[in-house]
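Descriptive structure summary
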Amino acid sequence: MDFSLSEDQRTLVAMLRRFIEEKLAPLEETVEREGRLAPEVARDLFEQSKALGFYAMNIPEEFGGGGLSTVDMMLAEEQFGRTTDILIRRSFGNVYEVLLKCVGPQVERWLKPATRGERTCSIAITEPEAGSDAASIRTAATRAGGGWVLDGKKHFISDGLFSDFFVVSAVTDPSAGGRGISLFLVDRDRKGVTIGRDQPMMGLRGTSHVELFFDRVELDDQCLLGEPGRGLGYALDTLGRVRLGQVGARAVGKATKILDLAVGQARERRQFGKAIGEFQLIQKMIADSVIEINAARLLLWNAAAAIDAGRDARALIAMVKVNASETLGRVADRAVQIFGGMGFSRDLPIERYYRDARVYRIFDGTTEIHTAGIARAALKSGGALYDPVEAV
Amino acid sequence: MKIVVPVKRVVDFNVKVRVKPDGSGIDLQNVKMAMNPFDEIAVEEALRQKEAGKASEVVLVSVGPAQAAETIRTGLAMGADRGILVKVDGPVEPLGVAKVLKAIVAAEQPGLVILGKQAIDDDSNQTGQMLAALLGWPQGTFASKVVIDGASAAVTREVDGGHETIALKLPAIVTADLRLNEPRYASLPNIMKAKKKPIEEKTPADLGVDVAPRLKVIKTGEPPARRAGAKVASVAELVGKLKEAGVI
Ligand SMILES: Cc1cc2nc3c(=O)[nH]c(=O)nc-3n(C[C@H](O)[C@H](O)[C@H](O)COP(=O)(O)OP(=O)(O)OC[C@H]3O[C@@H](n4cnc5c(N)ncnc54)[C@H](O)[C@@H]3O)c2cc1C
């Protein structure tokens, strides 16, 4: 077992890191200050990245994407984690794998335009009354003629102000509970779709998080994504790869970048006549961060390799979600400590990283929800979950 | 016309190098390596010449350990056509590299060899000039602009106090300075294509070249630490101190 990167993986990672450092990092402070990324700047980034084949690298080549394996995509996502959410979205695309459920005319209508970057997509599952308990949503779609009628509301929908269409979860069979939920492709310009307030957040400045209202929205038959009743299953399964990349891998990348800065500070900052890195209490924070980041990355690669091998990776993805986001939280917290007052000051980006890090433990299923899922799986399957000899 | 571009694997320019405690050299353990930045500029220039229809093929050569194949692969991902790795473990001096390159040039018959003006590890700034001498070819060093026109090339050179443009008869040697161009990003499709591009492996013995070092490194040391300065209250005091130090 050799975990070193191949030549092409190294080149890809080096190019992405260079793109991020040269083109994206210089924009971060402006976005933070202005709360938005200017549309013409966003357009320019998109065009540059697209020309290099860096947009929608997760989508298979037959649909116009980069066709990366899951492992390679996680290496890319880790690099994405070194910049901010909005800059990643515009430069590299958040083209959700659930769109691969598109068939027939859906491919030309939603999947390919999203992969080309002509149409942007958001995922709309959470409702004010249904967060962790995603099966308790009230948004519903009822059969009407050859199509559906959608009613209900969502909130906290990332990038909703910019998006051209939404993947919306809705109850289609109220008697079937969690198995009665389906996913729909809903264009924002449909009659009855209202984009509500941009809900202000602690971090992730520049990305909108909106309320969505559906008032008797008529949907044609093509709007049902995948099979009816499988919506929650897709959220665990195809959206699982999104969770692995957009939360797990990006958390690892962010933690790595933050630790780089903390190590630099521990080397340079002198107090009591020596570098603060010579104090054991500072060393402990650094060593713990190094260990935790390496462990999180290996768990991430393990889950990614399992997906590439066609194995059921759902429990592994949950482990990565918990471990990587909690690691990021601890590393960001220690970085503030190592920087002292400068860590809390707005003159340095450490406080911004700290704020941005916080949501990783919350969105895409909280730490508690995934932890409970892991425990349930372990109680059911035993060693298969934690012993390679038992694993299938 | 073929263009040959030699590329060297060096310590990444971001790395703060440390001298080994026994002074025998630089500590390269756990240190990130990358293509010499001036060689990246050379690769970029060759690719631009090819894209402008002035060259038909760009061939990369690296003299170094097995891992130097990675450096070649980086250049192939930028768009070069193929690579040659001349495998040598241990240090090779500029003269050794120049002799290897002379043998490669004899086999490949390029119209132009573009090198970096120097490698950022030892900063020798010798290989291009030595190669030109060994081949008896004209050379345009520290190039900030290269215009190929038929059988000759106009090379603008960065010299003290300005620019100088010289005309070289091809085949010729050019060494790239910082302002020649800005190297491109390797695109995802090119990174994937690079995997399939050939890298031929050779040894100096295959080429009949002896690369044994001719120089002996006696000691490597850290640059002296800067000492704290002194403040002076007046110009008179400053002049006094400078006289005291014997500098004026
Ligand atoms: C910045 C941001 C972006 C988001 N983007 C999107 C998006 O694009 N699309 C989308 O659909 N949603 C999005 N969300 C919503 C996000 O996924 C939810 O906030 C998250 O799933 C938690 O739901 P909740 O906020 O309703 O919290 P709640 O479910 O109310 O949870 C509150 C607390 O109770 C705990 N808890 C709940 N149930 C249990 C239990 N069974 N056992 C133990 N503890 C429990 C939780 O862990 C948490 O600590 C986003 C949220 C944020 C903050």
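Remember, predicted model here, so these are calculated numbers, not experimental data.

1. A few points about the packing of helix α4 (residues 70-80) of chain A against helix α8 (residues 238-268) of chain A
For any two helices packed against each other, the geometry comes down to the angle between their axes and how far apart the axes lie. Residue and element names in this part refer to chain A. At a minimum axis distance of 7 Å, the contact between α4 and α8 shows a crossing angle of 45 degrees. Relative to α8, the element α4 is oriented oblique. In the crossing of α4 with α8, the sense of the turn from one axis to the other is right-handed. Across the interface between the two elements, Thr70, Met73, Met74, Glu77, Glu78 and Phe80 from α4 touch Arg241, Leu244, Gly245, Gln246, Ala249, Arg250, Val252, Gly253 and Thr256 from α8. Residue composition of the contact of α4 with α8, grouped by class: six nonpolar, five polar and four charged.

2. Things to note about the pairing of strand β8 (residues 152-159) of chain B
Residues and elements named next belong to chain B. By the bridge criterion, six bridges tie strand β7 (residues 139-149) to β8 in an arrangement that is antiparallel. Bridge pairing links lysine 145 to threonine 156 in β8. Hairpin connection, β8 to strand β9 (residues 162-169): the antiparallel pair is bridged by two residues, and glycine 161 has positive phi, about 80 degrees.

3. Topic: the environment of Gly75(B)
All names here are of chain B. If you trace the backbone, glycine 75 turns up in helix α2 (residues 68-78). Put simply, glycine 75 and proline 21 are 54 residues apart on the chain and 34 Å apart in space, counted from C-alpha to C-alpha. In contact with glycine 75, not counting residues within four places along its chain, are Met35, Val43, Leu60 and Ala80.

4. A word on the side chain of Thr139(A)
All names here are of chain A. By secondary structure assignment, the location of threonine 139 is in the loop between β1 (121-124) and β2 (140-144). At 2.7 Å, the side chain of threonine 139 forms a polar contact with the side chain of glutamate 127. With residues near it in sequence (within four places) discarded, threonine 139 still touches Glu127, Leu150, Asp151, Gly152, Lys153, Lys154, Val168, Ser169, Ala170, Val171 and Phe214.

5. Focus: the domain arrangement of chain A
All names here are of chain A. Each assigned domain of chain A is listed with its residue range as follows: domain 1 (7-116), domain 2 (121-229) and domain 3 (233-385). Computed from C-alpha coordinates alone, the two centres of domain 1 and domain 2 are separated by 24 Å. Tallying the contact residues gives 21 residues for domain 1 and 22 residues for domain 2. Contact between domain 1 and domain 2 buries roughly 1800 Å² in total, counting both sides, with carbon and sulfur atoms accounting for 57%. Area buried by domain 1 at its contact with domain 2 is led by Arg90, Arg109 and Trp110, which between them contribute 31% of it.

6. Notes on the state of the cysteines
Residues and elements named next belong to chain A. Under the criterion given, the structure shown has zero disulfides over all chains. You can see cysteine 121 has no disulfide; the closest cysteine sulfur is in cysteine 102, sitting 8.9 Å from it. Its sulfur unpaired, cysteine 223 is 10 Å from the next cysteine sulfur, which belongs to cysteine 102.

7. Here we look at the packing of aromatic side chains
Summed over the entire model, instances satisfying the criterion amount to eight aromatic pairs over all chains. Relative to Phe54(A), the ring of Phe19(A) lies with its centre 6.1 Å away and its plane at 90 degrees, an arrangement referred to as edge-to-face. Separated by 35 residues along the polypeptide, Phe19(A) in helix α1 (residues 7-24) and Phe54(A) in the loop between α3 (39-51) and α4 bring together distant segments of the chain. Relative accessible area serves as the criterion here: at 0%, Phe19(A) is assigned to the buried category. When the ring of Phe272(A) is compared with that of Phe279(A), the centres are 6.3 Å apart and the planes differ by 85 degrees; the resulting orientation is edge-to-face. Classification of Phe279(A) as partly exposed rests on a relative accessible area of 25%. These aromatic residues form a ring-pair network of at least three members: Phe19(A), Phe54(A), Phe80(A), Phe92(A) and Tyr185(B). Here Arg18(A) stacks its cationic end above the ring of Tyr185(B), 4.1 Å away from the centre of that ring. The side chain of Arg90(A) reaches across the aromatic face of Phe162(A), ending 3.4 Å from its centre.

8. Some points on the interface of chain B and chain A
Of the residues lining the interface, 19 residues belong to chain B; the matching set on chain A comes to 19 residues. Linking chain B with chain A are four salt bridges, by the criterion used here. For Arg10(A), the salt bridge identified is with Glu70(B), shortest N-O distance 3.6 Å. Joining chain B to chain A, the criterion identifies six residue pairs in polar contact (both at pLDDT 80 or more). Those elements that place two or more of their residues in the side of chain B that touches chain A are α2 and α5 (188-194) of chain B. It is α2(B) that provides the largest number of residues to the side of chain B that touches chain A, a total of five residues. Taken together, the residues that form the side of chain B that touches chain A break down as nine nonpolar, two polar and eight charged.

The rules we used
Residues numbered from 1 in each chain as written. Chains lettered and ligands numbered in written order. Predicted model: local features only at pLDDT ≥ 70, side-chain atom pairs only at ≥ 80, totals over all residues. Heavy atoms only, no water. Axes fitted to C-alpha atoms, helices over the stretch in contact; angles between N-to-C directions. Helix = DSSP H or I, 4+ residues; strand = E, 2+ residues; numbered from the N terminus. Parallel < 35°, antiparallel > 145°, perpendicular 65-115°, else oblique. Left-handed = near helix turned anticlockwise from the far one by under 90°. Contact = heavy atoms within 4.5 Å. Nonpolar A, V, L, I, M, F, W, Y, C, P; charged D, E, K, R; others polar. Pairing = 2+ DSSP bridges. Polar contact = N/O pair within 3.5 Å; in protein donor to acceptor, adjacent residues only side chain to side chain. Domains from an automatic or database assignment. Buried area = accessible area lost by both parts, 1.4 Å probe. Disulfide = S-S within 2.5 Å. Phe/Tyr/Trp six-rings, centres within 6.5 Å; stacked < 30°, edge-to-face > 60°. Buried < 20%, exposed > 50% of the residue type's maximum accessible area, 1.4 Å probe, protein only. Lys NZ or Arg CZ within 6 Å of the ring centre and 35° of its normal. Salt bridge = Lys/Arg side-chain N within 4 Å of Asp/Glu carboxyl O.

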